[in-house]
Amino acid sequence: MIIVGGTFRLDPANVDAWKPHADKMLAASQAEDGCRIYSYGYDVQEPGLIRIYEEWDSMDHLKAHFATPHMADWRAALDEIGLLSRDVKVYEAQEGEAL
């Protein structure tokens, strides 16, 4: 399993402009083959900070995701809205055990 986690920052004044693009990206990505979880979380204590969490069946699925039209649209939207920073990492993980 592949886990993608991290953050990106927007000017808090641009969050409302970001939300419709996020909704489209979430729906399209969640429908992709191999996508287990695809989510964004808005940090309520740090305005403009968005947390990313994804789970994919394999690296091949993640690579296919990067090549989709909705990923290209997403990157263009973030450039237009004004991405301030991005810190995202990819991890390979074993299936976990329930606690």
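Structure first, text after, so check above.
Quick look at the structure, then. Here the structure is a predicted model, which means the values were calculated and not measured.

1. As for helix H1 (residues 15-30)
1) Next: For H1, built from 16 residues, the straight-helix expectation of 22 Å at 1.5 Å per residue is met to within 8% by its first-to-last C-alpha distance of 21 Å.
2) Next: The largest bend along H1 reaches roughly 25 degrees and is located at His21.
3) Next: Buried residues of H1: Val15, Trp18, Ala22, Met25, Leu26 and Ser29, and no others.
4) Next: Those residues of H1 hidden inside the fold are in contact with strand S1 (2-10), strand S2 (35-42), strand S3 (49-56), helix H2 (59-66) and helix H3 (69-81).

2. A closer look at the sheet that holds strand S4 (residues 83-92)
1) Next: On the basis of which strands lie adjacent, the open sheet formed by four strands has the order S2-S3-S1-S4 and antiparallel pairing. Across the chains shown, the open sheet's two edge strands, defined by having one partner strand only, are S2 and S4. Pairs of neighbouring strands in the sheet enclose a mean axial angle of 10 degrees, with direction left out of account.
2) Next: Looking at chain direction, S1 and S4 are connected through nine bridges and run antiparallel. Counted as the bridge partner of Thr7 is Asp87 from S4.
3) Next: Sitting on the sheet, H2 is in contact with S1, S2, S3 and S4, with an inclination near 130 degrees to S3.

Cut-off values and rules
- Residues numbered from 1 in each chain as written.
- Predicted model: local features only at pLDDT ≥ 70, side-chain atom pairs only at ≥ 80, totals over all residues.
- Heavy atoms only, no water.
- Helix = DSSP H or I, 4+ residues; strand = E, 2+ residues; numbered from the N terminus.
- Expected span 1.5 Å × (residues − 1).
- Bend = angle between axes of the 7 residues up to and from the residue.
- Buried < 20%, exposed > 50% of the residue type's maximum accessible area, 1.4 Å probe, protein only.
- Contact = heavy atoms within 4.5 Å.
- Pairing = 2+ DSSP bridges.
- Axes fitted to C-alpha atoms, helices over the stretch in contact; angles between N-to-C directions.

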